[in-house]
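# Topology and contacts: notes
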Amino acid sequence: MIKVILKKKISNRVVNGHPWIFNNEINIVEGEPEGGEIVEVQTHDKKFLGKGYINPKSQIVVRLLTRDRNEAIDDSFFYNRLLAAWNYRKQIGYSDNCRLIFGEADNMPQLVIDKFNDYFVIQTLALGMDKWKPAIVGAIEKIFQPKGIYERNDVPVRELEGMQQQKGFLSAGFDTKIRITENGLKFNVDIENGQKTGYFLDQQDNRRAIQHIVKGADVLGAFTYTGTFEIHAAHYGAKSVLGLDISENAVKQANENSALNGYSDICRFEAVNAFDVLKQWGKDGRKYDVVMLDPPSFTKTRENIQKAIAGYKEINLRGMKLIRPGGFLVTSSCTNLIEPSLFLDIIQDAARDARRKLRQVCFQAQSADHPIIREWENTQYLKFLITQVQ
Ligand code: SAH
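Values in this document were obtained by computation on a predicted structure and should not be read as measured data.

## Things to note about the overall build of the chain
Within the chain, the regular secondary structure consists of 10 helices and 20 strands. Relative to a compact globule of 390 residues, whose C-alpha radius of gyration would be 21 Å, the chain shows 23 Å and is just as compact. Judged by the C-alpha coordinates and their principal axes, the chain covers about 70 × 45 × 35 Å. Counting all 390 residues of the chain, 55% fall into the buried class. Taking as baseline every contact in the chain between residues at least 6 positions apart, the subset at least 24 positions apart corresponds to 62%. Of the roughly 17,300 Å² of accessible surface on the chain, a fraction of 47% belongs to carbon and sulfur atoms. Of note, the chain has its 52 positive side-chain charges centred 5 Å away from the centre of its 48 negative side-chain charges.

## Describing the site of the ligand
Contacts to the ligand come from 17 residues, most closely from Q195, R207, D245, A274 and D294. Within the side chain of D245, an N or O atom sits 2.7 Å from an oxygen atom of the ligand. One of the side-chain nitrogen or oxygen atoms of D294 is found 2.7 Å away from a nitrogen atom of the ligand. Look at the ligand: alone it shows 580 Å² of surface, and the protein chains cover 89% of it. Mapped by element, the contributors of at least two residues to the shell around the ligand are α6 (228–235) and α8 (274–284).

## Examining the sheet that holds strand β14 (residues 218–222)
With mixed pairing, the 7 strands of this open sheet are ordered in space as β16-β15-β14-β17-β18-β20-β19. At either end of the open sheet lies a strand with only one pairing partner, and these are β16 (267–271) and β19 (358–364). Along the sheet, successive strands turn relative to each other by an average axial angle of 15 degrees, direction set aside. In this sheet, strand β20 (residues 383–389) lies alongside strand β18 (residues 323–333) in antiparallel orientation, the contact comprising 7 bridges. Note on β20: the bridge partner recorded for T331 is L385. Sheet strands in contact with α8 are β14, β15 (240–245), β16 and β17 (288–293), and its direction is about 135 degrees off that of β15. Sheet strands touched by helix α9 (residues 305–321): β17, β18, β19 and β20. Its angle to β18, the strand with the most contacts, is close to 155 degrees.

## Some words on the environment of V62
Assignment of secondary structure puts V62 in strand β6 (residues 60–66). Given the relative accessible area of 0%, V62 is considered buried. With residues up to four places along the chain from it excluded, the contact list for V62 reads V4, P19, W20, I21, V39, V41, G52, Y53 and I54.

## Examining the domain arrangement of the chain
Domain parsing of the chain yields domain 1 (3–66), domain 2 (75–176) and domain 3 (200–389). Taking the mean C-alpha position of each, domain 2 and domain 3 sit 29 Å from one another. Counting from both sides, the interface comprises 15 residues of domain 2 and, opposite them, 14 residues of domain 3. Around 1,000 Å² of area is buried between domain 2 and domain 3 when both sides are counted, 67% of it from carbon and sulfur atoms. Broken down residue by residue, the surface that domain 2 buries against domain 3 is led by Y94, F102 and A105, which jointly contribute 50%. Across the domain 2-domain 3 interface, the total number found is 0 salt bridges. On inspection of domain 2 and its partner domain 3, the count reaches 6 residue pairs in polar contact (both at pLDDT 80 or more). Among the elements of the structure, α2 (75–91), β7 (97–102) and β8 (111–116) are those that each provide at least two residues to the side of domain 2 that touches domain 3. Per element, the largest residue contribution to the side of domain 2 that touches domain 3 is 4 residues, and it comes from β7. Of the residues assigned to the side of domain 2 that touches domain 3, the class counts are 7 nonpolar, 2 polar and 6 charged.

The rules behind the values
- Residues numbered from 1 in each chain as written.
- Predicted model: local features only at pLDDT ≥ 70, side-chain atom pairs only at ≥ 80, totals over all residues.
- Heavy atoms only, no water.
- Helix = DSSP H or I, 4+ residues; strand = E, 2+ residues; numbered from the N terminus.
- Rg over C-alpha atoms; globule rule 2.2 N^0.38 Å.
- Buried < 20%, exposed > 50% of the residue type's maximum accessible area, 1.4 Å probe, protein only.
- Contact = heavy atoms within 4.5 Å.
- Areas by Shrake-Rupley, 256 points an atom, 1.4 Å probe, with all protein chains shown as cover.
- Lys, Arg positive; Asp, Glu negative; His and termini not counted.
- Charge placed at Lys NZ, Arg CZ, Asp CG, Glu CD.
- Near = heavy atom within 4 Å.
- Polar contact = N/O pair within 3.5 Å; in protein donor to acceptor, adjacent residues only side chain to side chain.
- Pairing = 2+ DSSP bridges.
- Axes fitted to C-alpha atoms, helices over the stretch in contact; angles between N-to-C directions.
- Domains from an automatic or database assignment.
- Buried area = accessible area lost by both parts, 1.4 Å probe.
- Salt bridge = Lys/Arg side-chain N within 4 Å of Asp/Glu carboxyl O.
- Nonpolar A, V, L, I, M, F, W, Y, C, P; charged D, E, K, R; others polar.

Take a look at the structure:
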C-alpha cells in the first residue's frame, strides 16, 4: 500500500480526529498513487495514523476512512459502516426517513445517503468515495432490500475532484416522484429533479418545533420550497398560511402537497422574490403573527461572508417588521460559514434596527440524523431560531 508521510507540524484538526489531510501537511508520498486509491498515512516519525483515499488533484489530498490499522477497506467495510449508521439512526428515533450517512460525521468522508422510506438517494462527492459506489449500493441492497436507489451527483464540487456531474439510477429504474410521510403529513418528493437530494431532511425536527406558536395564527413563510413548514403550520392549527418562493415549480409542488393533506383552504402559495415583497409589505403595513424564513445558503466562500451577513440581517429585519407585537420569528440559516453565535448576533442587530425586543424560544441545529462533532468544522451548519418579537 502506498504510504503518505506527514510533516512534523500538522494541524490540530488531524489530531482531533478530523479525516482531512491537506496538501501542505504532507512531507512525502512514497510511490505514485492512482486517483482514488487507498493509501496508508503515517506521522512524520513513521507511526501509523490511518488509511484513506487519495486524490493528488484535490487540495484535500487524503481523506481518512479509518484510524484502525487492522480494518481493511473492502466491501464489508462499507456494509459495516452503513449498518452502524442505520443502527444509530434507529437508536435516536428515526425510521422512515433520515439522512443515513452524513459524510465526515459518519466517518464516511464526502458520502451522503438520504433514506426516503424504501428509496435511497446517494451523493459521492470525492473521487475516492465514488470508486466505492458499487460497494455502497451493494450494502444498501443487503441491509434494506430497497425499491430504488438514485444518484444525485449533479453537484459542482465534484469538478474540484476531477469528476463530472451526473445523475441517474443505481438500481432498476423506478418512478422518481415518490411520497413520504413526515410528522403524520404527506409530501411528494421529486428525487430526480428536486433540490439537492429532493427534500430537506435537515429541518425535519425543526418543523415540529413550530407546533405551539402557530395555533390560531396568521403565518407568512418565505423560501417555502415544497411548502413543508407551511403545511406543518396548517396542521398545527394556523388560521391562515401564505408561502412564498421565487420558483414557480416550487410553488406548484407546495400547492400539490397542501392539497394532498387537505389544507388548500388554509395554505396559499405565491411565486415572488421574498426580498422584494417583504420590503413592500412592510411599507404597506401588512402584519402576521408568525413569520418563517428559510433562505438558501448565501455564501460558500469566506470572501463573501460580509455580503451573507448583510443578507441575513436584511431579510430578518424585513421579516420582523411584519410581525405583530408578541408574535414570533422562525428563522434559519444553512450557511456553513455563519457560526451559531454570529447568527444570533445578526438577528439581534436586525432587532435593534427594527426597534423590537426579542425573547428566544429555542435555538436548534440541523436534525439529529445529521450528527454534529463539536471540534469538526463543516458538521454543524444549520441554525434554527424561534424568537418572540415584542
Ligand atoms: N423551507 C424549505 C427549504 C427552502 S430551500 C424546506 O424546509 O423544505 C430555499 C428556497 O428558497 C428554494 O426553494 C428557492 O427557490 C427559494 N428562493 C431562493 N431565493 C429566493 C428569493 N429571493 N425569494 C423567494 N424564494 C427564494
